[in-house]
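Below, each chain spelled out in residue letters.
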Amino acid sequence: LNDQKISVNAHKTSLSEAVIVAEFGYERNAAGIARMLASVQALLEAGIRTLRVLGSGALDMCYVACGRADAVYTGVAGEGWKPWDYAAALVIAEEAGAKVCSLEAYEAPFTIVGKSMLCSAPRVARSVWATVRLEAETGGATGRRAFRA
């Protein structure tokens, strides 16, 4: 970027410092909306610094890659991206040091045709993954003041 090598933000270690990016895709049934909103609510209640919606999966991942954001996720309600939404950005993010995994399996190798994705700075990745994954697993019914259909 501007003749400088990019890298993820390696300094942030807690969710209270994290800038998270989310995209809501095209899921519009009540249960899906409840899951998406519950994941946002869980992150906010966990104390993230802020949440952004930029409108482009590739841009989201590149923001993580150059340290402007700390994580982006998709797929809590079946609204996951298609390979063409992030294939090129995946290479950029991984080369910049991002942790890329699915919401289903933190340690498993990421597959571009999966239903979910987390791209994150490594030091906050597990915290973001655990917070968002809980909502994906429970359908937004974790006992919080979750949005319900």
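It should be noted that the structure appears before, not after, this text.
Residues numbered from 1 in each chain as written. Predicted model: local features only at pLDDT ≥ 70, side-chain atom pairs only at ≥ 80, totals over all residues. Heavy atoms only, no water.

**Q** Can you explain the sheet that holds strand β2 (residues 50-52)? Please cite residues and give values.
**A** Within the open sheet, the five strands sit side by side as β2-β1-β3-β5-β4. Their pairing is mixed. Each end of this open sheet is capped by a strand with a single partner; those strands are β2 and β4 (99-101). Neighbouring strand axes in the sheet, compared pairwise and without regard to direction, differ in orientation by 15 degrees on average. (Pairing = 2+ DSSP bridges. Helix = DSSP H or I, 4+ residues; strand = E, 2+ residues; numbered from the N terminus. Axes fitted to C-alpha atoms, helices over the stretch in contact; angles between N-to-C directions.)

**Q** Tell me what's going on with the packing of aromatic side chains, and back it up with residues and numbers.
**A** Remark: the centre distance and the inter-plane angle together describe each pair of aromatic rings, the angle taken between the planes. In the structure shown here, the tally under the stated rule is three aromatic pairs. Relative to F110, the ring of Y86 lies with its centre 6.0 Å away and its plane at 50 degrees, an arrangement referred to as tilted. Highlighted residues: Y86 in helix α3 (residues 83-95) and F110 in the loop between β4 and β5 (117-120), separated in sequence by 24 residues. Across the pair, F110 and Y86 agree in class, each one buried. Within the aromatic cluster, the residues linked to one another by ring pairs are W81, Y86 and F110. In this arrangement the basic side chain of R68 is found over the ring face of Y63, its NZ or CZ atom lying 5.4 Å from the centre. Here K99 stacks its cationic end above the ring of Y106, 4.4 Å away from the centre of that ring. (Phe/Tyr/Trp six-rings, centres within 6.5 Å; stacked < 30°, edge-to-face > 60°. Buried < 20%, exposed > 50% of the residue type's maximum accessible area, 1.4 Å probe, protein only. Lys NZ or Arg CZ within 6 Å of the ring centre and 35° of its normal.)

**Q** Describe the packing of helix α2 (residues 57-65) against α3, and please don't skip the residues or the numbers.
**A** Relative orientation of the contacting elements α2 and α3 amounts to 10 degrees, with a least axis distance of 8 Å. Relative to α3, the element α2 is oriented roughly parallel. Across from G57, A58, M61, C62 and A65 in α2, the residues of α3 making contact are D85, Y86, A89, L90, I92 and A93. Split into classes, the residues belonging to the contact of α2 with α3 amount to nine nonpolar, one polar and one charged. (Parallel < 35°, antiparallel > 145°, perpendicular 65-115°, else oblique. Contact = heavy atoms within 4.5 Å. Nonpolar A, V, L, I, M, F, W, Y, C, P; charged D, E, K, R; others polar.)

By themselves, these figures tell us nothing about what the structure is for.
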